[in-house]
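Structural description and commentary
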Amino acid sequence: MAALLAACMALLLSLATLCMLMRIESRISKLERNAVDTQENTDSRGGDFSDSASENQTVSEPAPTPDQRYRPYESDDETFLQRLNELIDANIGNHDLNVDFLAAGMMVSRSLLFNRVRRATGKGIVEYVNGIRIERSTEMFADENRSLTEIAEMNGFSTLRYYSRVFKSVKGEIPSVWRERMLQQMKK
């Protein structure tokens, strides 16, 4: 009974998140259309303003560039990454920490999340999250009482095999060798 209730609550939460994302994407689409319409109206008028009303108007700021239009919540990538890192840190052990989860938590679309992370870090979102998970796991290597399997699970990896594969792609060697070398350096 408790499992059924938990599943229902998870479904309701997912639906609420989906509705919220749809509303946000709708607002972003409207803003994009308005920006395009504004740009087209500006371009269609040309450079010759002969009526007296336009001569008395002050020149406003230039239209935003495409990169500036896609920043609905933060004005800079550093703030965005800081919020993203906080979300990742709070859920680092969650096996369900994926692109959809992060996009919902950041209240942006998947594509906006991909674009912002790629622009700020030069990495894809999965590569970025895995890099953070690997760095957090290496911090736990000093505790000799924890097995690699425990460390992998605490950092959101479902299996030791997947953890080892990701670790090797990030650090260049398997975690057991890395840990042994690190422990030897600490003993010196």
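Anyway, here's the lowdown on the structure attached to this text. (Residues numbered from 1 in each chain as written. Predicted model: local features only at pLDDT ≥ 70, side-chain atom pairs only at ≥ 80, totals over all residues. Heavy atoms only, no water.)

**Regarding the pattern of salt bridges**
Under the criterion given, the structure shown has seven salt bridges. A salt bridge links Asp77 to Arg116; its shortest N-O distance comes to 3.3 Å. You can see Asp77 sitting in helix α4 (residues 77–90) and its partner Arg116 sitting in helix α6 (residues 110–121), a full 39 residues away along the chain. Each member of the pair, Asp77 as well as Arg116, carries the same accessibility label: buried. In this structure, Asp77 and Arg119 form a salt bridge, with 3.3 Å as the shortest nitrogen-oxygen distance. With a gap of 42 residues between them, Asp77 in helix α4 and Arg119 in helix α6 connect regions that are remote in the sequence. Of the residues examined, Asp77 reaches a relative accessible area of 16% and is grouped as buried. What emerges from the salt-bridge pattern is a single network uniting Asp77, Arg116 and Arg119. (Salt bridge = Lys/Arg side-chain N within 4 Å of Asp/Glu carboxyl O. Helix = DSSP H or I, 4+ residues; strand = E, 2+ residues; numbered from the N terminus. Buried < 20%, exposed > 50% of the residue type's maximum accessible area, 1.4 Å probe, protein only.)

**Quick look at the nonpolar core**
One finds Leu84, Ile88, Leu102, Leu113 and Ile125 to be the most contacted residues of the largest nonpolar core, which totals 19 residues. Every element with two or more residues in this core is listed here: α4, α5 (99–106), α6 and α7 (125–139). Of all the elements, α4 adds the most residues to this core, at five residues. In this structure, Leu102 is in contact with Leu84, Leu87, Ile88, Leu97, Leu113, Ile125 and Val129, ignoring residues within four places of it in sequence. The next biggest cluster of nonpolar side chains, apart from the first, holds 11 residues, and it includes Met140, Phe141, Leu148 and Ile151. (Core = buried A, V, L, I, M, F, W, Y, C linked by side-chain atoms within 4.5 Å. Contact = heavy atoms within 4.5 Å.)

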